[in-house]
Amino acid sequence: MEQNMFCYQCQETAGCSGCTKSGVCGKRPETAALQDLLIWTTKGLSAVTTQLRREGKTVDASVNHLITENLFTTITNVNFDDDTIRARIEATLETKALLAQLADCSALPEAALWNGTTDEFAAKAVTVGVLSTENEDIRSLRELITYGLKGLAAYTSHANVLLKENEEIDAFLQRALAATLDDSLSAEELTALALETGSYGVQGMALLDEANTSAYGNPEITTVDLSVGTRRVFSSPATICATSRCCSSRP
């Protein structure tokens, strides 16, 4: 069967196996392809930032925010606007100018080095989607980690809006993203990384809770009046007209 796309990110996926013609959620194949490319280029940028940290260099908060927003953008039903996704891909490729700061680029994956033009996006997207990983076990683990990181990104991006940052979480998120490109990792190693992703997910929720309570205070039980109150009822259009400023000013 010819496939226009492949997405099995949500519980509504066609046949409980994957949407291949168009998304049950309404996502079009073109949009799915752009999202695949955005994830791939974001993984490439994460490989660059991870190497920067290994070399003792600092990664700016704006780069961390770009990466988390990229992941958040691709969560099911968040953003199906092709122009927006395309713009985020372009911004990600531009940010990879950080490569110039690296002392050693020899171990970087293709996703970190690719810098295609807008005209090349569609063709490249076909080669980097979910099914580009042939081994089903490795593919499943990589996607499980990626979806976990998307959830983590949702927490941290909301926390960032409320001016809360956690460099450790950002560094892990990017290291884990980069690891999903590493063909040398075994199923056992990826399983351990998936468990670590879950652990950081708890930290992400704690960060968001701290952000919310700092901004809005601690939730507390509050009594709410649900009784029916008095309401002003106009008896007729004439009454409404008589009380209006425009009509009352007439002679």
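Conventions we followed
Residues numbered from 1 in each chain as written. Predicted model: local features only at pLDDT ≥ 70, side-chain atom pairs only at ≥ 80, totals over all residues. Heavy atoms only, no water. Salt bridge = Lys/Arg side-chain N within 4 Å of Asp/Glu carboxyl O. Helix = DSSP H or I, 4+ residues; strand = E, 2+ residues; numbered from the N terminus. Phe/Tyr/Trp six-rings, centres within 6.5 Å; stacked < 30°, edge-to-face > 60°. Buried < 20%, exposed > 50% of the residue type's maximum accessible area, 1.4 Å probe, protein only. Contact = heavy atoms within 4.5 Å. Core = buried A, V, L, I, M, F, W, Y, C linked by side-chain atoms within 4.5 Å.

**A word on the pattern of salt bridges**
Inference 1: Considering all chains together, one arrives at nine salt bridges under this definition.
Inference 2: In this structure, the salt-bridge partner of K164 is E210, at a minimum N-O distance of 3.5 Å. One end of the pair, K164, is in the loop between α6 (136–161) and α7 (167–179); the other, E210, is in helix α8 (residues 187–216), with 46 residues separating them in the sequence.

**Details of the packing of aromatic side chains**
Inference 1: Tallied over the full model, the rule gives five aromatic pairs.
Inference 2: Look at F172 and Y200: their rings are 4.1 Å apart centre to centre, the planes differ by 5°, and that puts the pair in the stacked class. With a gap of 28 residues between them, F172 in helix α7 and Y200 in helix α8 connect regions that are remote in the sequence. Comparing F172 with Y200, the two get one shared label, buried.
Inference 3: Grouping aromatic residues by their ring pairs yields a cluster made of F6, Y8 and Y147.

**Focus: the environment of A159**
Inference 1: Locating A159 in the fold gives a position in helix α6.
Inference 2: It is 16 Å that separates the C-alpha atoms of A159 and A171, two residues lying 12 residues apart in sequence.
Inference 3: With residues up to four places along the chain from it excluded, the contact list for A159 reads K164, L207, L208 and A211.

**Describing the nonpolar core**
Inference 1: Counting 35 residues, the largest nonpolar core has V48, L71, I145, L149, L152, F172 and L173 as the members making the most contacts within it.
Inference 2: When residues of this core are traced back to their parent elements, those giving at least two are α1 (29–54), α2 (61–73), α6, α7 and α8.
Inference 3: The residues touching F172, leaving out its near neighbours within four places in the chain, are L149, L152, L193, E196, T197 and Y200.
Inference 4: Core analysis: the second largest hydrophobic core is formed by 13 residues, L34, W40, I89 and V128 among them.

Structural measurements only, silent on function.
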